[in-house]
Amino acid sequence: MKPITCKKCDNGLVKVQGQVCYACRLDEIEKNSPGKDADNEEIISYYTKQRALLGCRECEDKKFGYEAGMKIENGLKYYIMFVQCVQPKCNAKYMDLLEIREMRLRDVGIEESE
C-alpha cells in the first residue's frame, strides 16, 4: 500500500488523505511571522500560539507543556521553545528554534537614525 503524502509538497507523510504535513505547516507559519518591528514578546507569543495549534511534533497531540524565551549570542537573538508532551505514549521532549533575528541598536537602548 502506498503511503499517504502531503497534499502540498507530496513528500511529507500524513495520516489522512488531503492533510498537509508538519513541515508545510511550519512553512506557512514562517511566511506569516511578525514583521521586523515586532518586539520580543510579540514574536514569542505568535510562535507559541502557532505551535499550540500544530500540537506536539511527534504525536500531534495538542496537550503539551512548554517554556519559551530568547537567548542573545554574538549579536543574534534566538527565539526558542522547550516542549514536553504530556501524552504517556509519546512523552517527547524537544527544543524548537522558532526564529533567529539580528540585534538592532534599539535593542540596547540606542535610537536608530533614518
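Per chain, the residues get numbers from 1 upward, laid out in the order the sequence is written. The predicted nature of this model means local features are confined to residues of pLDDT at least 70 and side-chain atom pairs, given and counted, to a pLDDT of 80 or more, with totals for whole chains, interfaces and linings taken over all residues. Just so you know, side-chain values use all the structure's heavy atoms and leave hydrogens and water out.

**Student:** So what about the packing of aromatic side chains? Which residues, and what values?
**Tutor:** Here the aromatic set is Phe, Tyr and Trp, taking the six-membered ring for Trp, and pairing holds for ring centres within 6.5 Å; pairs whose planes are under 30 degrees apart are stacked, those over 60 apart are edge-to-face, and all others are tilted. Applying the stated rule across the entire model yields two aromatic pairs. Pairing Phe64 with Tyr66 gives two aromatic rings, centres 6.4 Å apart and planes at 55°, and the pair type is tilted.

**Student:** Describe the packing of helix α1 (residues 22-31) against helix α2 (residues 40-54), and please don't skip the residues or the numbers.
**Tutor:** One can describe the packing of α1 onto α2 by two numbers: an axis separation of 11 Å at closest approach and a directional angle of 155°. Relative to α2, the element α1 lies roughly antiparallel. Between α1 and α2 lies a crossing of right-handed hand. Of the residues in α2, those in contact with Tyr22, Arg25, Leu26, Ile29 and Glu30 of α1 are Tyr46, Tyr47, Gln50, Arg51 and Leu54. In the scheme used here, Gly and all other residues not listed as nonpolar or charged are polar, with Ala, Val, Leu, Ile, Met, Phe, Trp, Tyr, Cys and Pro taken as nonpolar and Asp, Glu, Lys and Arg as charged. Counted by class, the contact of α1 with α2 contains six nonpolar, one polar and three charged residues. Between N-to-C directions, angles span 0 to 180 degrees; the directions come from axes that are lines fitted to C-alpha atoms, helices contributing only their stretch in contact. Strands are runs of DSSP state E lasting at least 2 residues, helices are runs of H or I lasting at least 4, and numbering of each runs from the N terminus. An angle below 35 degrees is treated as roughly parallel, one above 145 as roughly antiparallel, one from 65 to 115 as roughly perpendicular, and anything else as oblique. Here is the rule for handedness: rotate from the far helix to the near one, and if that takes an anticlockwise turn smaller than a right angle the crossing is left-handed, while a clockwise turn gives right-handed. Any pair of residues with heavy atoms lying within 4.5 Å of one another is described as a contacting pair.

**Student:** Can you explain the pattern of salt bridges? Please cite residues and give values.
**Tutor:** Whenever a carboxyl oxygen of Asp or Glu lies within 4 Å of a side-chain nitrogen of Lys or Arg, that contact is scored as a salt bridge. If you walk through the whole model with that rule in mind, you get nine salt bridges. A salt bridge links Glu28 to Lys8; its shortest N-O distance comes to 2.7 Å. Separated by 20 residues along the polypeptide, Glu28 in helix α1 and Lys8 in the segment before α1 bring together distant segments of the chain. What makes Glu28 partly exposed here is its relative accessible area of 34%. When its relative accessible area of 42% is taken as the criterion, Lys8 is described as partly exposed. In this structure, Asp96 and Arg51 form a salt bridge, with 3.1 Å as the shortest nitrogen-oxygen distance. Remark: Arg51 occurs in helix α2 and Asp96 occurs in strand β3 (residues 93-102); sequence separation between them is 45 residues. Across the pair, exposure class does not vary: Asp96 and Arg51 are buried alike. Think of it in three bands: with a 1.4 Å probe and only protein chains considered, a residue is buried below 20% of the maximum accessible area for its type, exposed above 50%, and partly exposed in between.

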